[in-house]
Amino acid sequence: MKRVWNRIKNSKILAGLRYARYVIFHPFDGFWDLTHANEGSLGAANVIIFLTLAVRLVRLRFTGFMFLDIYWPEVSVWTETLTILVPLLLFCISNWAITTLFDGKGTFKHIYMGVGYALTPYPIIQLIMVILSNLVTSDEGVFYSVLNGLSLGWCAFLIIIALMMIHVYSLGRTILSTLASILGMLIIMLICLGFFSMLSEAIAFVGSLIREIQIRVY
Amino acid sequence: MFFKASKTGLTVRLMSALLAFLTLLVLFPEKALAVDTELTYSYVYDAWGTAVDIPDTYCVGAQIDTGTLDIGQLNAPSGLYVSGGRVFICDTGNNRIIELAVNEKDYTYSLKRIIGAETGAALSQPTDICLSDGLLIIADGGNNRVLILDEDLNQVREIHRPDSATVDSTVPFVPQKLSVTAGHIYIQAKSVNKGLMEFDLSGEFLGYFGASPVKFDWQDYFWKLLATDEQRAAMNSFVPTEYNNVSVDDEGFLMVSNSIFTAAELRDGSAEPVRRLNLKGTDILIENGNQRVIGDITWDYATGPSRIVDIAALDDNSYYILDSTRGRIFGYDEQGNMLCAFGGLGTRKGYFSSPSAMDNMGRDLLVLDSQSALVTVFTFTDFGKLVSAAIGNYNDGHYAESGKLWRQVLGIAGNYEMAWDGIGKVMLREGDYESALQYLKYASDEYYYSKAWKLYRKQWIEEHIWIAVVLIGALLAFIFIKKVTGSVKGRIDTYETRMESHKKL
């Protein structure tokens with residue numbers, strides 16, 4: 001029993017999570033050491049992203065009535081999950097593709113880890129918000145919206161710093177590469193869309209060909 | 001193969017449906033056939049903007065058919081005015097006004113007189129009439145005047161285009177709709193966009209009243225900046241939109257409607273189809289409902305949004321607006337909550353071909369159809385009476401009674417959000433905050449939910465404050481005990497060390 005506990009206590013993931021606490025308050029040093037001193041762990045980044053997804057769902061279910069404007073018949077767990085996960089992965093891929101071309105020092109793993117760590121404030125603050133939303137009236141809703149802004153702003157700030165440190169970029173270059181990454185995301189989506197629509201056309205063509213042959217022959 | 005299978009499926013389904021229907025016919029002959037033609041199709045919008053079916057609040061009580069009066073065919077009647085049992089129909093195309101005497105109980109009607117050339121009042125395309133202090137005030141648009149007659153149809157006064165610098169003398173003065181409140185005549189005239197024209201009963205022009213605010217956004221400004229002078233001249237000039245109708249509500253405020261706006265303006269909230277003007281001419285319409293007071297909130301692109309052409313305000317501060325696009329009537333309470341929507345375009349009873357005017361007789365609604373020249377009288381159904389009574393009792397402060405009525409409403413129509421809201425508000429008044437929260441949540445009423453929550457939270461804290469007191473007490477006691485035992489232990493320790501050192505010596 002104690003051995004199991006010790007194993008959990010000394011696991012790399014937990015150490016990584018403990019490091020996340022340091023990172024969010026000391027982003028410059030934190031993110032530098034995350035990759036350059038190998039302080040971070042991929043497992044911890046996965047856990048943080050999982051927590052982010054989980055807190056999105058918790059938020060849907062447990063936010064107080066006054067702060068939740070949600071039409072249940074249109075809610076799907078998959079949509080809620082994928083609307084976070086897909087843009088996140090797309091951003092990582094696109095950022096990796098762009099920074100590889102422009103002297104970025106980070107690998108894909110580093111980028112993913114950095115973005116994952118940068119999301120740390122989101123689940124924490126959102127969880128506080130869920131609890132708060134069940135306590136305050138709508139007159140006091142200012143607290144709620146301020147916290148909401150804080151959770152997003154903090155994460156955005158951390159992502160920028162993370163990319164800056166990981167790629168060893170200047171601030172201006174980071175912002176430019178981030179904007180380029182967003183453009184890259186759109187291009188990737190466009191290509192995917194084109195690919196799948198072509199694929200479905202091709203399948204439909206083969207299908208109709210087969211049907212035509214069937215009708216002619218029989 | 002696949003298609004064939006589905007076809008048989010459909011046939012089987014149709015057959016079974018027919019069989020079920022026939023069985024119903026055999027078992028309950030009257031009930032199955034009893035399609036009540038008096039009822040129309042009613043709905044309200046819920047908080048999500050979904051149209052929810054509700055029982056009818058109004059049904060067709062009677063129809064006044066001018067064809068039975070032996071006065072010839074009406075030609076595009078466009079004005080309707082009701083005062084007591086007197087109903088005036090402006091037969092615009094025939095240059096006359098028809099006055100009917102209508103029994104307010106059973107709606108039997110008879111012709112009282114015809115106001116027109118034969119009776120000494122040469123009207124030309126009258127579009128509206130209004131009664132005040134024994135005077136008939138007629139919008140005589142074809143003659144460019146407002147005609148004021150006494151009850152014996154003697155001409156008292158005429159109002160022509162006022163000789164004022166603010167009145168454009170190049171545009172003919174064509175009064176279309178008018179209303180009288182607080183001794184002043186408010187006229188909506190054609191091509192006048194500065195608001196309503198206000199006159200006193202002696203015919204003196206007092207000025208313009210209640211123009212709608214001018215819409216102007218940065219996009220317009222940007223394009224205007226780039227445009228040449230000719231292009232600028234061809235552009236829309238930014239002027240207030242003109243109203244299309246004016247009525248007076250029970251408190252003497254003017255209710256005006258306008259229908260000149262685009263669907264986009266309606267969506268972004270810059271268009272205000274219905275306005276309630278106070279004496280300063282500012283809009284005081286309350287829109288606290290889940291939806292704005294714009295009639296239908298969704299529409300197909302081809303027909304477009306509701307165009308409000310007339311308003312009838314009842315004595316319980318609810319009001320009904322007439323939509324010419326789909327021939328529907330929308331009811332709202334004082335707070336702007338939607339009560340019902342009913343009617344439509346069609347030829348059935350309770351539907352219209354081209355509704356042009358509406359007025360109320362007590363709490364009955366009279367709607368004039370300009371094409372069929374019929375006046376349809378809508379009266380409350382039992383459900384409508386229940387809803388009206390529940391709202392009335394709440395407004396009068398009889399909360400318990402109102403709650404009881406709302407529960408009856410809920411028993412009939414579980415989807416009626418107003419009922420959940422009504423019960424919730426009553427419970428809030430009665431201090432049952434926990435139940436109020438539940439009901440207000442079902443009604444999606446965030447405003448009152450927040451109020452109830454504030455009170456419930458206060459109550460909860462007051463009831464559970466002892467926990468905090470006990471906890472703090474326990475903490476203090478713990479600290480105190482620790483301190484005492486600590487000091488005792490310390491003293492024992494010092495004693496022991498002293499003894500030890502003593503022994504060594």
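Residues numbered from 1 in each chain as written. Chains lettered and ligands numbered in written order. Predicted model: local features only at pLDDT ≥ 70, side-chain atom pairs only at ≥ 80, totals over all residues.

## Focus: the overall build of chain A
For step 1, the next point in the chain: Helix and strand counts for chain A come out as nine helices and zero strands.
For step 2, the next point in the chain: Since a compact globule built from 218 residues should have a radius of gyration of about 17 Å, the 22 Å found for chain A marks it as more spread out than a globular shape.
For step 3, the next point in the chain: Once the C-alpha set of chain A is aligned to its principal axes, its extents read approximately 70 × 50 × 50 Å.
For step 4, the next point in the chain: The 218 residues of chain A split such that 27% are buried.
For step 5, the next point in the chain: For chain A, long-range pairs separated by at least 24 residues make up 76% of all intrachain contacts whose partners lie at least 6 apart in sequence. (Helix = DSSP H or I, 4+ residues; strand = E, 2+ residues; numbered from the N terminus. Rg over C-alpha atoms; globule rule 2.2 N^0.38 Å. Buried ≥ 20, exposed ≤ 12 C-beta atoms within 10 Å, placed from the backbone. Contact = placed C-beta atoms within 7 Å.)

## Describing the pairing of strand β22 (residues 338–343) of chain B
For step 1, the next point in the chain: Counting buried residues in β22(B) gives six out of six residues, a clear majority hidden from the surface.
For step 2, the next point in the chain: Linkage of strand β21 (residues 328–332) of chain B to β22(B), two consecutive antiparallel strands, is achieved through a turn of five residues, within which B:Gly336 is found at a positive phi near 90 degrees. (Pairing = 2+ DSSP bridges.)

## Quick notes on the sheet that holds strand β15 (residues 205–209) of chain B
Residue and element names in this part refer to chain B.
For step 1, the next point in the chain: With antiparallel pairing, four strands are arranged side by side in an open sheet as β12-β13-β14-β15. Each of the sheet's edge strands pairs with one partner strand only, and the pair in question is β12 (175–181) and β15. When the angles between neighbouring strand axes are averaged without regard to direction, this sheet yields 25 degrees. (Axes fitted to C-alpha atoms, helices over the stretch in contact; angles between N-to-C directions.)

## Re helix α8 (residues 417–430) of chain B
Residues and elements named next belong to chain B.
For step 1, the next point in the chain: Taking 1.5 Å of rise per residue, 14 residues should cover 20 Å, and α8 covers 20 Å from first to last C-alpha, within 8% of that figure.
For step 2, the next point in the chain: Counting buried residues along α8, twelve of its 14 residues qualify, which places the element largely inside the surrounding structure.
For step 3, the next point in the chain: For α8, the set of buried residues is Glu417, Met418, Ala419, Trp420, Asp421, Gly422, Ile423, Gly424, Lys425, Val426, Met427 and Leu428.
For step 4, the next point in the chain: Tucked inside the fold, the buried residues of α8 contact β22, α6 (382–395), α7 (399–412), α9 (433–442) and α10 (446–504).
For step 5, the next point in the chain: Phi for Gly431, located one or two positions after α8, is positive at around 90 degrees. (Expected span 1.5 Å × (residues − 1).)

## Considerations on unusual backbone geometry
Leaving glycine aside, a negative phi is the common case for residues, and trans is the common case for peptide bonds.
For step 1, the next point in the chain: Even without being a glycine, A:Val168 presents a positive backbone phi close to 55 degrees.
For step 2, the next point in the chain: Positionally, A:Val168 belongs in the loop between α8 (141–167) and α9 (171–217).
For step 3, the next point in the chain: A tally of 14 C-beta atoms within 10 Å means that A:Val168 is categorised as partly exposed.
For step 4, the next point in the chain: With phi around 55 degrees, B:Asn144 is a residue other than glycine that occupies positive phi space.
For step 5, the next point in the chain: Positionally, B:Asn144 belongs in the loop between β9 (135–140) and β10 (145–150).

## Description of the interface of chain B and chain A
For step 1, the next point in the chain: At the interface, seven residues of chain B touch six residues of chain A.
For step 2, the next point in the chain: A total of five residues in the side of chain B that touches chain A trace back to one element, the largest contributor, which is α10(B).
For step 3, the next point in the chain: Across the side of chain B that touches chain A, the residue classes tally to three nonpolar, one polar and three charged. (Nonpolar A, V, L, I, M, F, W, Y, C, P; charged D, E, K, R; others polar.)

## A few points about the sheet that holds strand β4 (residues 79–83) of chain B
Residue and element names in this part refer to chain B.
For step 1, the next point in the chain: What the four strands build is an open sheet, ordered β4-β5-β6-β7; its pairing is antiparallel. One side of each edge strand has no neighbouring strand; the edge strands of this open sheet are β4 and β7 (109–115). Neighbouring strand axes in the sheet, compared pairwise and without regard to direction, differ in orientation by 20 degrees on average.

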